[in-house]
Amino acid sequence: MADRVRTPVTLPYIDQLLAQLARGNAALEQSFGRHIHWGYWPDPAIAQPDRPEDYAEAAERLSLELLDLAGITPGMRVLDAGCGFGGTLACLQDRVEGLDLTGLNIDPRQLQRARQLAQPRPGSFLRFAAGDACTLPFADASFDRVLAVECIFHFPSRAAFLAEVRRVLRPGGALVISDFVPATVWVPMARMARWPALERLNLFGACDVTCSAARYRQLAAQAGLPVTTLRDITRHTLPTYAFLGRMLARGTRRGFGQSLAHSGLGMLDWVGRRGLLRYSLLRFDRV
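Note that this is a predicted model, so its numbers are computed, not measured.

Would you take a moment to explain the overall build of the protein chain for this structure?
When you go through the protein chain residue by residue, the secondary structure sums to twelve helices and seven strands. Burial statistics for the protein chain: of 287 residues in total, 54% are counted as buried. When contacts within the protein chain are restricted to residue pairs at least 6 apart in sequence, those whose partners lie at least 24 apart make up 77%. For the protein chain, the exposed area adds up to about 12800 Å²; of that, 56% sits on carbon and sulfur atoms.

Right, dumping it as C-alpha cells:
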C-alpha cells in the first residue's frame, strides 16, 4: 500500500490545528477535536459563534446531514475518504449498528488521532488506512457507500477520484460528498485563487474550488456515477466564518499571515452570501 500513497500536500490549517491540540488548546479541542469541517445550523440566526460547544454541535450536525443523504443501513461497508480525525465515522457508529467502516487519509498524523478517538462498537468493524483517494488501495466492488466530507478540493483530480470510487463501489452503491461549488460566473475568480503565489500564502493550502455544478455533472456522467442530488446548504453554514474569525483573533500569532487569513475568511463569507460559492451536498449513484 505504501507505494500508492503520494506525499501529502502542505495544509497550514492542519499543521496549526494539530500543533494547538498538542499544546492543550481547550477551545480548539472542543470545537475541532472531532471534526475538521464547517458547521451546519438549522437556524443560522441563533448561532452563537463565540461558543466552541455551539460550533462542535454544528459540525456534528453537518456530518448528520451528509449521513442522512447517504442512507446507510446495518450491514453496509462504508469508506470515508479523507476521514480527518474519524469524527464522521464515529458519528455514524452512534446511529447505525453492524457496519464495516474504513477511514482513509493521506496524512499519518490525522490517522493517528483518528485511531485514538474513534473506537469500534460491539458488532461493528472500524479500521483506518493510509492511502491516496485518487488511487484507492481497495479491491473492486468493496463498498456500499463512499463518503468524502469537505476534502475533495484537496485531491489532485476529481475525475480520478470519481473513477476510483466507481471502481470500488458495489452495484447500487453511492458516493456522498460536501464541497464548495462555484456559480459559473465565479469560476474564473476561483481559478485565480489557485495561483501558486496565493496558494503558498493561503491558510487552507492548495484548494481547487473551480468545479461548478455543470462540471460535476459532466465528470460524474463520464465516470458512470451520475449526480442524483445536489443540495445547496450555504445559508446553514455561514456562521462558520464568524466563529473562525473569532478563533483567529484569539490566537497568539499576529501580523501579515493572520491578516491574510482574516481577509480570506471575509471573502469566502462574502461570496457565499451572494450565491457565488455554494457549500453543497452531492450524491452520486453507481450505474
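When you look at the side chain of Thr234 in this model, what are you seeing that I'm missing?
Inspection of the secondary structure assignment puts Thr234 in helix α10 (residues 234–237). Setting aside residues up to four positions removed in sequence, Thr234 forms contacts with Gly272, Leu277, Arg278 and Tyr279.

Just to check I follow, could you spell out the sheet that holds strand β1 (residues 77–81) for this structure?
Through backbone hydrogen bonds, the strands of a sheet pair up, either in parallel or in antiparallel fashion. In spatial order, the strands read β3-β2-β1-β4-β5-β7-β6; together these seven strands make up an open sheet with mixed pairing. The outermost strands of the open sheet, each flanked by one partner alone, are β3 (125–130) and β6 (227–232). Across the sheet, the axes of successive neighbouring strands diverge by a mean angle of 15°, strand direction being ignored. The sheet contact formed by β1 and strand β2 (residues 100–105) spans five bridges and is parallel. Each bridged residue has a counterpart across the sheet, and for Ala81 the counterpart in β2 is Leu104. The strands touched by helix α3 (residues 52–70) are β4 (143–149), β5 (169–182), β6 and β7 (277–285); relative to β7, the strand with the most contacts, the crossing angle is about 30°.

Sorry, what's going on with helix α6 (residues 158–168) here?
Residues that lie three or four places apart on an α-helix share one face, since the helix turns once every 3.6 residues. Residues Arg158, Phe161, Leu162, Glu164, Val165 and Val168 constitute the buried set of α6. Along the axis of α6, the buried positions cluster into a sector of 165°, meaning they face one direction only. On its buried face, α6 sits against β1, β4, β5, α9 (213–223) and β7. The residue sitting at the N-terminus of α6 and contributing the capping side-chain oxygen is Ser157; that oxygen lies 3.4 Å from the backbone nitrogen of Ala159.

Please clarify how the side chain of Asp132 should be interpreted in this entry.
Tracing the sequence through the fold places Asp132 in the loop between β3 and β4. The class for Asp132 is buried, based on a relative accessible area of 6%. Polar contacts involving the side chain of Asp132 include one to the main-chain amide nitrogen of Cys134, which spans 2.9 Å.

Explain the pairing of β1 to me, please; I cannot follow it from the model alone.
Of all five residues in β1, four are buried; the element is thus mostly enclosed. In this fold, β1 hands off to helix α4 (residues 87–95), which returns the chain to β2; that crossover is right-handed. As defined by bridge partners, β1 adjoins β4 across three bridges and the pair is classed as parallel. Directly across from Val78, in β4, lies its bridge partner Arg145.

In this structure, what is going on with the pairing of β4? I would like to understand it.
Successive residues of a regular strand alternate their side chains across the two faces of the sheet. Summarising burial for β4: seven of the seven residues are buried, a large majority. As paired strands, β4 and β5 are joined by six bridges and run parallel to one another. The residue bridging Phe143 from the neighbouring strand is Leu169, located in β5. Once you follow β4 into α6 and on to β5, the crossover reads as right-handed.

Where do I start with the environment of Ile72 in this structure?
Along the chain, the position of Ile72 falls in the loop between α3 and β1. Aside from chain neighbours lying at most four places away, what touches Ile72 is Leu67, Val78, Leu92, Val96, Leu99, Arg145 and Leu147.

It is not clear to me how α4 should be interpreted in this structure. Could you clarify?
Counting buried residues in α4 gives seven out of nine residues, a clear majority hidden from the surface. Elements in contact with the buried residues of α4: α3, β1, β2, β3 and β4.

Quick question: what am I supposed to make of the packing of α6 against α9 here?
The relative placement of two packed helices comes down to the angle between their axes together with the axis-to-axis distance. At a minimum axis separation of 9 Å, α6 and α9 run at an interaxial angle of 40°. With respect to each other, α6 and α9 are oriented oblique. Of the two possible hands of crossing, α6 and α9 adopt the one that is right-handed. Only Tyr216, Leu219, Ala220 and Ala223 of α9 make contact with α6, whose side of the interface consists of Arg158, Ala159, Leu162, Ala163 and Arg166. A class-by-class count of the residues in the contact of α6 with α9 yields seven nonpolar, no polar and two charged.

How should I be thinking about the environment of Val227 in this particular structure?
The residue Val227 is located in strand β6 in this model. Judged by relative accessible area, Val227 falls into the buried class, the value being 19%. In this structure Val227 touches Tyr216, Arg217, Ala220, Arg283 and Phe284, once residues within four positions along its chain are discounted.

Cut-offs and rules
- Residues numbered from 1 in each chain as written.
- Predicted model: local features only at pLDDT ≥ 70, side-chain atom pairs only at ≥ 80, totals over all residues.
- Heavy atoms only, no water.
- Helix = DSSP H or I, 4+ residues; strand = E, 2+ residues; numbered from the N terminus.
- Buried < 20%, exposed > 50% of the residue type's maximum accessible area, 1.4 Å probe, protein only.
- Contact = heavy atoms within 4.5 Å.
- Areas by Shrake-Rupley, 256 points an atom, 1.4 Å probe, with all protein chains shown as cover.
- Pairing = 2+ DSSP bridges.
- Axes fitted to C-alpha atoms, helices over the stretch in contact; angles between N-to-C directions.
- Arc of directions from axis to C-beta.
- Polar contact = N/O pair within 3.5 Å; in protein donor to acceptor, adjacent residues only side chain to side chain.
- Right-handed = clockwise from strand over helix to strand, strands pointing away.
- Parallel < 35°, antiparallel > 145°, perpendicular 65-115°, else oblique.
- Left-handed = near helix turned anticlockwise from the far one by under 90°.
- Nonpolar A, V, L, I, M, F, W, Y, C, P; charged D, E, K, R; others polar.

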